[in-house]
Amino acid sequence: MSGSVAERLASVRERVAAACARAGRPVESVTLVAVSKLKPADLIREAYAAGQRDFGENYAQELRDKAAELEGLEGLRWHAIGALQTNKVKYVARAAGAFHALDRLEVARELSKRREGAPPLPVYVEVNVGGEATKSGLAPDALGVFLDEVRALPGLQAVGLMALPPPTEEEARARADFQALRELARVHGLPGLSMGTTHDFEWAIEEGATVVRVGTAIFGERALKSP
Ligand SMILES: *Cc1c(COP(=O)(O)O)cnc(C)c1O
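The structure presented is a predicted model; accordingly, all values stated were derived computationally and were not measured. (Residues numbered from 1 in each chain as written. Predicted model: local features only at pLDDT ≥ 70, side-chain atom pairs only at ≥ 80, totals over all residues. Heavy atoms only, no water.)

**So, the pattern of salt bridges**
Thinking step 1. Inspection of the entire model under this criterion finds 15 salt bridges.
Thinking step 2. Across the salt bridge formed by Glu-106 and Arg-104, the nearest N and O atoms sit 2.7 Å from each other.
Thinking step 3. Classification of Glu-106 as partly exposed rests on a relative accessible area of 46%.
Thinking step 4. One continuous salt-bridge network, built from bridges that share partners, spans Arg-22, Glu-171, Arg-175, Arg-182, Glu-206 and Glu-207. (Salt bridge = Lys/Arg side-chain N within 4 Å of Asp/Glu carboxyl O. Buried < 20%, exposed > 50% of the residue type's maximum accessible area, 1.4 Å probe, protein only.)

**What about the pairing of strand β4 (residues 98–102)?**
Thinking step 1. Of all 5 residues that make up β4, 5 are buried, and the element is covered over most of its length.
Thinking step 2. Two elements, strand β3 (residues 77–80) and β4, share 2 bridges in a ladder whose sense is parallel. In the strand pairing of β4, His-79 is matched with Ala-98.
Thinking step 3. Since β3 and β4 lie parallel, the crossover through helix α4 (residues 89–95) that links them has a hand, and here it is right-handed.
Thinking step 4. Strand direction decides the pairing type here: β4 and strand β5 (residues 121–126), joined by 2 bridges, are parallel. Counterpart to Phe-99 in the pairing with β5 is Val-123. (Helix = DSSP H or I, 4+ residues; strand = E, 2+ residues; numbered from the N terminus. Pairing = 2+ DSSP bridges. Right-handed = clockwise from strand over helix to strand, strands pointing away.)

**Some words on unusual backbone geometry**
Thinking step 1. With phi around 65 degrees, Leu-38 is a residue other than glycine that occupies positive phi space.
Thinking step 2. Along the chain, the position of Leu-38 falls in the loop between β1 (31–35) and α2 (41–49).
Thinking step 3. Overall, the relative accessible area of 33% leaves Leu-38 in the partly exposed class.

**Description of the environment of Arg-182**
Thinking step 1. The residue Arg-182 is located in helix α7 (residues 171–187) in this model.
Thinking step 2. On the basis of relative accessible area, Arg-182 is assigned to the partly exposed category, the value being 36%.
Thinking step 3. Residues Arg-182 and Lys-88, spaced 94 residues apart in sequence, show a C-alpha to C-alpha distance of 30 Å.
Thinking step 4. Once you skip the residues sitting within four places of it in the chain, Arg-182 turns out to touch Leu-193 and Glu-207.
Thinking step 5. At a separation of 3.1 Å, a polar atom in the side chain of Arg-182 contacts the main-chain carbonyl oxygen of Glu-207. (Contact = heavy atoms within 4.5 Å. Polar contact = N/O pair within 3.5 Å; in protein donor to acceptor, adjacent residues only side chain to side chain.)

**A closer look at the UniProt feature "modified residue: N6-(pyridoxal phosphate)lysine" (unreviewed entry) in the protein chain**
Thinking step 1. Under the UniProt annotation, the feature "modified residue: N6-(pyridoxal phosphate)lysine" (unreviewed entry) is placed at Lys-37.
Thinking step 2. Following the sequence through the fold, Lys-37 ends up in the loop between β1 and α2.
Thinking step 3. Leave out the neighbours within four places in its chain, and Lys-37 touches Gly-56, Glu-57, Asn-58, Tyr-59, Glu-62, Lys-66 and Arg-222. (UniProt positions renumbered as here; feature names shortened; annotations may be inferred.)

**Comments concerning the packing of aromatic side chains**
Thinking step 1. Scanning all chains against the criterion turns up 1 aromatic pair.
Thinking step 2. Here the guanidinium or amino end of Arg-53 rests over the ring plane of Tyr-48, the centre of that ring lying 3.7 Å away.
Thinking step 3. Taking the ring centre of Tyr-91 as reference, the NZ or CZ of Lys-90 above it sits at 5.1 Å. (Phe/Tyr/Trp six-rings, centres within 6.5 Å; stacked < 30°, edge-to-face > 60°. Lys NZ or Arg CZ within 6 Å of the ring centre and 35° of its normal.)

Written out as structure tokens, the structure reads:
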């Protein structure tokens, strides 16, 4: 992949707009989250200078550190998109404008506690629509009970569902997963659908995504995260 961050971002934005047009949706109906995990703050500044405001981070401490370093960038919104351990909830509660990977009640309770006095944190409940190949996310039939619990907690606002289905070249398979998530969101009265990555964000938009999380196509390949 070549080009500057600004050029790649422009190309992703064009593809988002084209997918919206194909689906007959206004381009404002999709939020592009630029996933900057494992990428240096300088690249985030480049994307910000090119007009990008929503950024996604997976790791709580990395989010905490980058949020501190980039505090001066007005209007920048952080999306925490990775699984969270209870002892790191505090970093997300402080820095994030949204959390996309809620699949444990323990984490929900801790987030709720830590958001006391702050505006409610929009949360997306992660669902396992990919079956066995995906380890994270709730089983679809556990969603009802889980949502009842989350909706009863102060400090959180359940706004949507999120999924990270295993990447596949099979378009029909990918679309089926996105459709399954859309149907679950409809059944449970949730307007938000956080789905689609570099691999499949156009299909996701055509299937109703309101948020796409795109890293590689904007910032380039990542080094593997060491455990
Ligand atoms: C890394 C990551 C992304 C972005 O993936 P790319 O393939 O780089 O676009 C999106 N969502 C989640 C949850 C991720 O962990």
